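If you want the building blocks of each chain, they are given just below.
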Amino acid sequence: MKNYPKKGYLISNFRVFHLRDKQLRPIPFHYHDFHKVILFLGGHVDYIIEGKLYHLQANDIIFVSAGEIHRPVFLDDKAPYERIVIYVAPEFLQRWQEQADLAQCFHTAKDKGSVMHQLPNRSHDLLFHMDKLEKTAHGEGFANGLYTEILFIEFLILLNRSIEDHELETLGSVSYDEKIQQVLTYINEHLADDLSIETLAGKVFLSRYYLMKKFKADTGYSLHAYIRSKRLLYARDLLRTEKSVTDISREAGFRDYSTFSRAFHDLFHCSPKEWRSRHLEASASRSRSF
């Protein structure tokens, strides 16, 4: 996303932070290569994820999948913004997929809502487990790395169980434009198809001008920039497979390889083949560390 930068980096399977910001400055829309779980602890904050504005309450849990554009909105710059944040590499979750789909919580969040509220009388104290994980991750001692990984997997299991047992409910206080959400859904489900403004406007019965203006107002970016970026992120994910780069460019909606290659280099600062090679090296390194 040329106008919406990738922020943060992740060279390990996961990282955990307990953050409390007192000096609040506006944070622009951005995205990550990794998934993110946030336990919101305090402050007056709304959160925008893919065009939906969520009004947060203390102890809400925010799920941001890799590639989703998001940002917090500070309603009171005098109230400290406190949260526990977990970054997790998608490849790490895929490694456990045969035993259990630990990424199910992110799939559910995409389908039902990216912010979930913890109900009373729940079986698992997720704050306790998240706080313990954060303290252990920054601690020392015998086999601390292994112990931290065990606690992390335990947390993900309990988090998914809480959703499955209906002890987390999707947040009711969400603001969004239904037609813009229809457009967002259509784009993400038809990346290989014609996504011209004329086509999208016809799908939701809006004028071209109004759709472009409303999309920009609700999401912070233009239709063209959003579509191009989502196609490139999808293509990057496909580069983890054994498909040919030419087939990937077509499947991601690019009509010719040269256009795809230039756009990919503009966003990721390397060619598709270079990215694939680097990813294979990084995956091998992570496997050795695991």
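In this report, the structure presented in the accompanying data block is examined. Note that the structure is predicted; figures quoted are calculated from it, not measured. (Residues numbered from 1 in each chain as written. Predicted model: local features only at pLDDT ≥ 70, side-chain atom pairs only at ≥ 80, totals over all residues. Heavy atoms only, no water.)

## Section: the packing of aromatic side chains
In step 1: Tallied over the full model, the rule gives 14 aromatic pairs.
In step 2: Relative to F152, the ring of F92 lies with its centre 5.7 Å away and its plane at 35 degrees, an arrangement referred to as tilted. One end of the pair, F92, is in helix α1 (residues 90–95); the other, F152, is in helix α4 (residues 144–164), and 60 residues separate them in sequence.
In step 3: Taking the relative accessible area as the measure of exposure, F92 reaches 0% and is therefore buried.
In step 4: An aromatic cluster is present here, built from F254, Y257, F260, F264 and F268 joined pairwise through their rings.
In step 5: In this structure, R83 packs its charged tip against the face of Y81, placed 3.9 Å from the ring centre. (Phe/Tyr/Trp six-rings, centres within 6.5 Å; stacked < 30°, edge-to-face > 60°. Helix = DSSP H or I, 4+ residues; strand = E, 2+ residues; numbered from the N terminus. Buried < 20%, exposed > 50% of the residue type's maximum accessible area, 1.4 Å probe, protein only. Lys NZ or Arg CZ within 6 Å of the ring centre and 35° of its normal.)

## Considering the pattern of salt bridges
Side chains carrying opposite charge are able to pair once their charged atoms draw close together.
In step 1: Tallied over the full model, the rule gives 14 salt bridges.
In step 2: We note a salt bridge from D237 to R236, for which the minimum N-O separation is 3.9 Å.
In step 3: The exposure class of D237 is partly exposed, given its relative accessible area of 36%.
In step 4: When its relative accessible area of 2% is taken as the criterion, R236 is described as buried.
In step 5: Here the salt bridges do not stand alone but share partners, grouping D33, E91, R236, D237 and R240 into one network. (Salt bridge = Lys/Arg side-chain N within 4 Å of Asp/Glu carboxyl O.)

## A few points about the sheet that holds strand β4 (residues 52–55)
In step 1: Taken in spatial order, the four strands make up an open sheet running β6-β3-β4-β10, and their pairing is antiparallel. Two strands in the sheet have a free side with no partner beyond their single neighbour: β6 (70–74) and β10 (174–175).
In step 2: Judged from the five bridges that link them, strand β3 (residues 45–49) and β6 form a sheet pairing that is antiparallel. Along β6, the bridge assignment pairs D46 with V73. (Pairing = 2+ DSSP bridges.)

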